[in-house]
Amino acid sequence: MFEARFPEALLLKKILEAIKDLVQDANFECTESGITLQAMDNAHVSLVTLLLRGEGFDLYRVDKPESLGINLNSMSKIMRCAANNDTVTVDKLEGADTVRFLFESPNADRMSEFHLKLMDIDSETLEIPESMYHAEIELPSAELRRIVSDLSTMGDSVRISVSKEGVRFTVRGDEGSGSVILRQSTGVDKPEEAIHIVMNEPVEQSFALKYLNLFCKAAPLSARAQIKLSKDAPLLVNFSMNNIGYLAYYLAPKIGDEDIEE
Amino acid sequence: MCGRFALYYSREQLERVAGTTRWADAKDQEKRYHYQPRYNVAPQQTVPLLRTVSGERVLQPMRWAFPIRGRTFGKGESPPIVINVRAETALEKASFRSALDAGQRAVVIANGFYEWSAADAPGEQQDVGKIKTMTKASRIPYFIYHGVTKRESKDHLAPRNAHDMIDRPLFMAALFVEETEMNRFAIFTVAASDKIQWMHNRMPALLETEDQLQAWLDVEQVPARVAVHRCLQPTEQIVWHPVSNTVSSVKNEGPSLIEPRRDEPGKKPGLDIRSAFARGLKRSPSAQDLQAPETKQMRHTYQANR
């Protein structure tokens, strides 16, 4: 038996919106401590990881660890049938091949339930090296979304460079080029708008904007986003959901021709 | 399109997968054909296809080059050939129509096929200008094979791994013409499924179920129009991994061709998250920190990072 009750459908809706354009099918691993998901996009260029801690739910019960293989588009269709403030109970009996979604309105006068067929999805779990990053940036997630969206109008890939001067995002396209520079915030008037940059070593890498745009669909989940960069290692973009968990994305860097000649 | 595939079963495995040990009566050139497992089957080459003769399944060697008749060609030129037939228009085109009407349907058995991504980096596939200038050598080949995603398959599959999956056959729908020396065939293609669109816009028509396989081969009971509509559909039941560019040359052969790609020194590395993690691990200055129980499952990693 597995049972989890989300206090609000909205959270689950936002999570699905942030994943379903990147990954079609994924396994939700349900263990005593919580629900995790790890999946690569079809092209294997990026990796998405989700953690929802058991204590973040109204009710959370796992008798035996379960792996729920789910088509995220189908789940998203079901979630659209829930009002944002409905509670959502997800449960599965042992041995069942479907999972049930139960939506209840806040004043308990409306209930609806949907059953979704489970899939057997082959997925390998990547072991992520626990590496130190050369640079870490924390910024408002809306700011990150704006930069990525603005620069996407000019080109396909963005060069992110962190140096003493700050973080520079540069794009070059056929029509021209553009860049945005962020500097460490000095004032502390509005901590939610602050930009923090920690640089251990200067680092500069290019990434496909298409993927960054998909990652930024997670912006509604968290007011703040963290970016971590290391030379040659994948970029990490993390959206932390306070005490509930996080949604994080890894993206393989683009290796430009200039790097190969080294 | 589908322009390269692998068929590396032993003769006995092939016969088991095909469900027959009968081989067709040999024509002139077929007499000289000996089945050999292959990792790099290319157009103009000969492979055994599965077809039915008088209601019975047989394996018959055929050449991968479907001749287009009725087209004029200059002196000294070979007649035009095709290796793929678009399923959507096959019934309308005279050369394919006559073969379909004559019930010349067959099945290519393969362990998997190769496809070169339309652009060197996913996400740039819309950039037509770049694709035009890109040579096959600068694109990344992928080996695509049967993926198990249906829940029902869980019961009779013991421990699953990539190798297990590669051993499951793909049945590709094909069309052939009778020739005096040796029959010639082309593989049907359909619009690529959503899963694989990023790589290429076409994929071979894979017969997914036993029913589809049976219907495609049953040329006496199932008319061409019905078979085309019922059997030739895009499928999501596939998985893939990038492989080395050595497969791009038809001269290369051997099991190394289907092995997952590793970054080649001096060559542009694959834009793959796995190899990116491996590179980061190798060259990261903090690599000495990563010597011991360094690679933990990521949920642990995250708890540590928070």
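Right above here is the structure, for reference.
All figures in this text were calculated on a predicted structure; none of them were measured in a lab.

Rules of the game
Residues numbered from 1 in each chain as written. Chains lettered and ligands numbered in written order. Predicted model: local features only at pLDDT ≥ 70, side-chain atom pairs only at ≥ 80, totals over all residues. Heavy atoms only, no water. Axes fitted to C-alpha atoms, helices over the stretch in contact; angles between N-to-C directions. Helix = DSSP H or I, 4+ residues; strand = E, 2+ residues; numbered from the N terminus. Parallel < 35°, antiparallel > 145°, perpendicular 65-115°, else oblique. Left-handed = near helix turned anticlockwise from the far one by under 90°. Contact = heavy atoms within 4.5 Å. Nonpolar A, V, L, I, M, F, W, Y, C, P; charged D, E, K, R; others polar. Pairing = 2+ DSSP bridges. Salt bridge = Lys/Arg side-chain N within 4 Å of Asp/Glu carboxyl O. Buried < 20%, exposed > 50% of the residue type's maximum accessible area, 1.4 Å probe, protein only.

K.L.:
Give a description of the packing of helix H5 (residues 210-217) of chain B against helix H6 (residues 224-231) of chain B that names residues and reports values.
P.N.:
Residues and elements named next belong to chain B. One can describe the packing of H5 onto H6 by two numbers: an axis separation of 9 Å at closest approach and a directional angle of 155 degrees. Overall, the two elements H5 and H6 adopt an arrangement that is roughly antiparallel. Crossing hand, H5 versus H6: left-handed. Contacts between H5 and H6 pair Gln212, Ala215 and Trp216 from the former with Ala227, Val228, Arg230 and Cys231 from the latter. Among the residues making up the contact of H5 with H6, the classes are represented as five nonpolar, one polar and one charged.

K.L.:
Explain the sheet that holds strand S10 (residues 141-146) of chain B to me, using residue names and the numbers behind them.
P.N.:
Residue and element names in this part refer to chain B. Taken together, the five strands give an open sheet; going across it, the order is S2-S1-S9-S10-S14, and neighbouring strands pair in antiparallel fashion. On the outer flanks of this sheet lie strand S2 (38-41) and strand S14 (238-242), each paired with one strand and no other. The sheet shows a mean angle of 25 degrees between the axes of neighbouring strands, taken without regard to direction. Note that S10 and S14 share five bridges and pair antiparallel. From the neighbouring strand, Phe143 faces S14, where its bridge partner is His241.

K.L.:
Please give an account of the pattern of salt bridges that cites residues and values.
P.N.:
Residues and elements named next belong to chain A. Evaluated as defined, the whole model comprises 21 salt bridges over all chains. Between Arg61 and Asp63 there is a salt bridge, with its nearest N and O atoms 3.0 Å apart. A residue is classified by how much of its surface remains accessible, and Arg61, at 39% relative accessible area, is partly exposed. One salt bridge connects Asp150 with Arg146, and the closest N-O pair in it is separated by 3.5 Å. Note that Asp150 and Arg146 are positioned in helix H3 (residues 141-152) at a spacing of four residues, about one turn of the helix. The exposure class of Asp150 is partly exposed, given its relative accessible area of 35%.

K.L.:
Outline unusual backbone geometry, supporting the account with residue identities and numerical values.
P.N.:
Despite not being glycine, A:Ala108 has its phi angle at roughly 60 degrees, a positive value. Its place among the elements puts A:Ala108 in the loop between strand S8 (98-104) and strand S9 (111-117). Owing to a relative accessible area of 58%, A:Ala108 belongs among the exposed residues under this scheme. Positive phi outside glycine occurs at B:Gln44, with the angle close to 80 degrees. In this fold, B:Gln44 is placed in the loop between S2 and strand S3 (46-53).

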